[in-house]
Amino acid sequence: MNYGISVLFRAIPLLMALFCFGYGWFVYEYGTDPSRFVAGPVVFSLGMICIALFSTAATIIRQIINTFGEISRYALPALGYLSAILTVVAGIWIMRSPDTASFVAGHVICGVGLITACVATTATSSTRFTMITVNSKKTGHDIPPEAFTRAQGLTLIAIAGLIALTAWIWAFCLLAHSDQGSKYFVAGHVMIGLACICTSLIALVATIARQIRNIFSPTEREFWPIMVLVMGSICVVWGIILILATINPANGTTGYIMIGLGLVCYSISSKVILLSKIWRHEFKLSNRIPLIPIFTALTCLFLSAFLFELGSAHAYYFVPARVLAGLGGICFTLFSIVSILESGTSSK
């Protein structure tokens, strides 16, 4: 990877963050549709995930081009965690308002903050990324002295796991109160999708941490990618069921957001699949894997375009149309990350 390409791959997350911030603010401020009070803040918060993804991208790239110092080792993951904290605080502040829009937006933004924290944990686990290439060429399972200790490796996985568990509990607590109003139904189902993304990121953190420790097993080579694909499929299938089987069409449109969140899981799977497949094996299609997040990003944007047209006749398509556009930006950001991984692990 040359310096120019490294700048481009670091710029993509920042550009997508700028898109989410700008578009979210525009949706919030422009127009008279009350749904903008949900769509605007949620799309804006998605930019925080892009910031955390930038910290991951910069962490890996700086190691590849040999510019990774002690300041970067701590400052870049800290940027991701700071983004997560700000997002959760903003979500809690928004949900203090009694209206339905603030309730839904606040809970969803808190869920986005949990994803941001998982991404920041990915950045932390990537601070010794170059050891993956070195370990992949070995035949034994001796743990290098420079690798994470057993406690450090387990802590990273446990942090991601605890965040995902929090998201799942939060989601089912909301769904348990669905009989009290549609706001619980909508927020709970979206939180299910966000929990699936957090769970997918456990697989990514575990794959990176265990490969750095040189203890990645053949069983994990199959297990972690399947786990992420299952999470994505749960979101997509659940979303389709909501669209087709929900009596209230306004609540049913939440299914489109769940489909978009499932596509984000599929984008994450590209990273897990790449790292798993090239571990001590030759995988000739490794340079094709970055196409997965490209396809998912386009799917989000195409689906968003159709929902924009439906929104001209039915106002309840307003929120999913805008949110899917933001999720498309997340998927495109993940294209940048998986391209960096492919470059950093390539044997060419």
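A quick note: this is a predicted structure, and the numbers were derived from the prediction, not measured.

(A) Region of interest: unusual backbone geometry. Despite not being glycine, Asn66 has its phi angle at roughly 60°, a positive value. Topologically, Asn66 is positioned in the loop between helix 2 (36–64) and helix 3 (70–94). Positive phi is not limited to glycine here, since Asn214 has a value of about 65°. With respect to the helices, strands and loops of the structure, Asn214 is situated in the loop between helix 7 (182–212) and helix 8 (218–245).

(B) Seen up close, the state of the cysteines. Counted under the stated rule, the structure contains zero disulfides. Cysteine Cys110 remains unbridged, with the sulfur of Cys198 as its closest cysteine sulfur at 12 Å. Take Cys110: its relative accessible area is 0%, and that puts it in the buried class. Distance from the sulfur of Cys198, which forms no disulfide, to the nearest cysteine sulfur (Cys118) is 4.1 Å.

(C) Quick look at the pattern of salt bridges. Following the criterion strictly, the structure yields three salt bridges and no others. Residue Glu70 pairs with Arg73 through a salt bridge whose shortest N-O separation is 3.5 Å. Taken together, the residues Glu70 and Arg73, both in helix 3 and three residues apart, mark about one turn of the helix. Judged by relative accessible area, Arg73 falls into the partly exposed class, the value being 23%. The residue Arg210 makes a salt bridge to Glu220 at a minimum N-O spacing of 2.4 Å.

(D) The arrangement of helix 2 in detail. The terminal C-alpha atoms of helix 2, which comprises 29 residues, lie 42 Å apart, in line with the 42 Å expected from a rise of 1.5 Å per residue. The buried count for helix 2 comes to 25 of 29 residues, which makes it a mostly enclosed element. Positioned one or two residues after helix 2, Asn66 has a phi angle of 60°, which is positive.

(E) Examining the environment of His281 more closely. With respect to the helices, strands and loops of the structure, His281 is situated in the loop between helix 10 (254–277) and helix 11 (291–311). Sequence-wise, His281 and Tyr184 are 97 residues apart; in three dimensions their C-alpha atoms are separated by 47 Å.

(F) Structural detail: the confidence of the model for the chain. For the chain, mean pLDDT is 91; residues scoring 70 or higher make up 98% of the total. Considering each helix and strand of the chain separately, the mean pLDDT is smallest for helix 5 (residues 130–136), with a value of 86, and largest for helix 6 (residues 150–175), with 96.

(G) Spatial organisation of helix 1 (residues 3–29). Here helix 1 is 27 residues long and its end C-alpha atoms lie 39 Å apart, about the 39 Å a rise of 1.5 Å per residue gives. The axis of helix 1 is deflected most strongly, by about 25°, at Ala11, and proline Pro13 appears within four residues downstream. The complete set of buried residues in helix 1 reads Ser6, Phe9, Arg10, Ile12, Pro13, Met16, Ala17, Cys20, Tyr23, Gly24 and Val27. Phi for Gly31, located one or two positions after helix 1, is positive at around 100°.

(H) Expanded view of the side chain of Gln63. Within the secondary structure layout, Gln63 lies in helix 2. One polar contact links the side chain of Gln63 to the main-chain carbonyl oxygen of Thr59, over a distance of 2.9 Å. Separated by 2.6 Å, the side chain of Gln63 and the backbone oxygen of Ser126 make a polar contact. In contact with Gln63, not counting residues within four places along its chain, are Phe68, Ser126, Thr127, Arg128, Phe129 and Thr130.

(I) The packing of aromatic side chains, seen in detail. Throughout the structure, instances matching the rule amount to 12 aromatic pairs. When the ring of Tyr316 is compared with that of Tyr317, the centres are 5.1 Å apart and the planes differ by 45°; the resulting orientation is tilted. Take Tyr317: its relative accessible area is 12%, and that puts it in the buried class. Arranged with centres 5.5 Å apart and planes meeting at 25°, the rings of Phe332 and Phe335 form a pair that is stacked. Of this pair, Phe332 and Phe335 both sit in helix 12 (residues 318–345), three residues apart, which is roughly one turn of the helix. Since its relative accessible area comes to 29%, Phe332 is described here as partly exposed.

Rules behind the numbers
Residues numbered from 1 in each chain as written. Predicted model: local features only at pLDDT ≥ 70, side-chain atom pairs only at ≥ 80, totals over all residues. Heavy atoms only, no water. Helix = DSSP H or I, 4+ residues; strand = E, 2+ residues; numbered from the N terminus. Disulfide = S-S within 2.5 Å. Buried < 20%, exposed > 50% of the residue type's maximum accessible area, 1.4 Å probe, protein only. Salt bridge = Lys/Arg side-chain N within 4 Å of Asp/Glu carboxyl O. Expected span 1.5 Å × (residues − 1). pLDDT = per-residue confidence, 0-100. Bend = angle between axes of the 7 residues up to and from the residue. Polar contact = N/O pair within 3.5 Å; in protein donor to acceptor, adjacent residues only side chain to side chain. Contact = heavy atoms within 4.5 Å. Phe/Tyr/Trp six-rings, centres within 6.5 Å; stacked < 30°, edge-to-face > 60°.

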